[in-house]
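Architecture and fold: a report
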Amino acid sequence: MTIRTVIQGVGSYLPEKVLSNAELAQKVDTSDEWIVERTGIHQRHIAADGEKTSDLAIAAVKKALAAAGRDGKDVDLFVLATATPDQTFPASAARVQAAVGRPGAPSFDVHAVCSGFVYGLAVADNFIKAGQAKCAVVVGAEVFSRILDWNDRTTCVLFGDGAGAVVLNAEDGGGTSADRGVLSTHLHSDGRYNAMLFVDGGPSTTQTAGHIRMKGKEVFRHAVVNLTEAVREALVANKVSIDDVDWLVPHQANKRILDSTAQKLGLDPAKVIVTVDRHANTSAASIPLALAAGVEDGRIKRGNLVLMEAMGGGFTWGSALVRM
Ligand code: UT7
């Protein structure tokens, strides 16, 4: 018998305000045509004044709990993946725990930028497999609009705000890839690439939150290579082929990265869940937002094999293979 971490429910939240490419082009030297052609992004959601990462996270978690038919008091572990916490400390996860959980349930943030959801899922899966939790919540939530340099057209057009969450439950499995639940997670990082994608501020350096800086072309090149490799690792570890995968739910940074990765893997593009056009890059929130979109519109069904992959600042990258 193997303990499996099964996704019982998913939920998401997007701030009400939508910022179109055309509106952005009025503030900075860009155009709808350039943004769509180079990234596939048409619009992004932007948090309202005073709307915090934890507010987005709590809204997504409440929906995931409702979808799972669970009460927040059942949850043994809250993991929030974010690079844009409410405060330097305490962890924003504690606000989520306070809003929906029972007093005393552990909570902490995981910081792996755009790979944060895959990292958070791996952490929760290992807690569950070790018998330290039976029911866990993993939520990715970001307000990147607060760390963008709105005068830098090379970055400000790329990102958006949002949150997505999953409720995880320990269930018995047979130890094969036919089991429901998380079948594998593979995580990586290489800190030598810090200068390719970073925020130029922080408590121990500038005592400010800072702004995103990115060498886009280099990140793009590394992303396609690392993501393809992380996907291959997942397939090999589970003795499945790319044709067995029902849905690829990738981190949503750029439509061209999604297309190149699918092409390199020999995956039918119709099996890729795409939300970057509507959400832009929401960092740690992008995978659970895309997962929720696929589940809610009925494409992703119980029993489907879902492959998640992400790459972000650090560099960090990784994959998770999950049977829904
Ligand atoms: O989530 C974490 C991972 N992040 C990523 O995966 C992002 C990876 N990188 C990318 O998605 C792409 O590299 C970008 C979308 C950021 C940039 O696309 P690109 O095709 O690599 O463009 P580029 O940086 O080579 O820029 C091409 C031209 C430049 O002009 P010149 O030097 O050729 O005259 C830029 O100045 O496009 C210009 N440019 C813009 N023009 C209009 C850059 N940003 C803009 C803009 N609007 N917003």
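Remember, predicted model here, so these are calculated numbers, not experimental data. Starting from 1, residues in each chain are numbered consecutively following that chain's sequence as written. Confidence filtering applies because this is a predicted model: local features only for residues at pLDDT of at least 70, side-chain atom pairs given and counted only at 80 or more, and all residues used for totals across whole chains, interfaces and linings. Excluding hydrogens and water, the side-chain values take into account all heavy atoms of the structure.

A look at the pairing of strand S7 (residues 161-173)
Each residue is placed in one exposure class: buried if its accessible area under a 1.4 Å probe, protein chains only, is under 20% of its type's maximum, exposed if it is over 50%, and partly exposed if it falls in between. Under the scheme used here, helices are H or I runs from DSSP no shorter than 4 residues and strands are E runs no shorter than 2 residues, and both carry numbers assigned from the N terminus. Counting buried residues along S7, ten of its 13 residues qualify, which places the element largely inside the surrounding structure. Strands are treated as partners if at least two bridges between them are detected by DSSP. As paired elements, strand S1 (residues 2-13) and S7 share eleven bridges and run antiparallel to each other. From the neighbouring strand, Thr 2 faces S7, where its bridge partner is Gly 173.

Focus: the domain arrangement of the chain
Throughout the structure description, domain borders are defined by an automatic or database domain assignment. Looking at the assigned domains, one finds that the chain contains domain 1 (2-173) and domain 2 (181-323). For domain 1 versus domain 2, the distance between C-alpha centres works out to 14 Å. The interface of domain 1 with domain 2 comprises 50 residues on the first partner and 47 residues on the second. Summed over both partners, the accessible area (1.4 Å probe) lost when two parts come together is defined as the buried area. With both chains or domains summed, domain 1 and domain 2 bury close to 3800 Å², and 66% of this area falls on carbon and sulfur atoms. Salt-bridge detection follows one rule: a side-chain nitrogen of Lys or Arg within 4 Å of a carboxyl oxygen of Asp or Glu. Here domain 1 and domain 2 share two salt bridges between them. Only heavy atoms enter the contact rule, under which two residues are in contact if any of them lie within 4.5 Å.

Examining the site of the ligand
It suffices for a single heavy atom of a residue to lie within 4 Å of a molecule or strand for the residue to be listed as near it. Surveying the vicinity of the ligand reveals 23 residues, the closest of which are Thr 30, Arg 38, Arg 153, Asn 254 and Asn 281. Arg 38 is positioned with one of its side-chain polar atoms (N or O) 2.8 Å from an oxygen atom of the ligand. Counted as a polar contact is a pair of N or O atoms within 3.5 Å, where, for protein atoms, one must be capable of donating a hydrogen and the other of accepting one, and residues adjacent in sequence contribute only when both atoms are in side chains. Within the side chain of Arg 256, an N or O atom sits 3.0 Å from an oxygen atom of the ligand. Each accessible area is a Shrake-Rupley estimate made with a 1.4 Å probe; only the visible protein chains count as cover when residues are assessed. Out of a free accessible area of 950 Å², the ligand has 74% covered by protein chains. Put simply, the parts of the chain that give the shell around the ligand at least two residues each are helix H2 (32-39), helix H6 (153-156), helix H7 (216-238) and helix H8 (255-265). Of the residues forming the shell around the ligand, the biggest block, four residues, is contributed by H7. Each residue gets one label: Ala, Val, Leu, Ile, Met, Phe, Trp, Tyr, Cys and Pro are nonpolar, Asp, Glu, Lys and Arg are charged, and the others, such as Gly, are polar. Of the residues contributing to the shell around the ligand, the split by class is eleven nonpolar, seven polar and five charged. For the shell around the ligand, the two domains that each supply at least three residues are domain 1 (2-173) and domain 2 (181-323).

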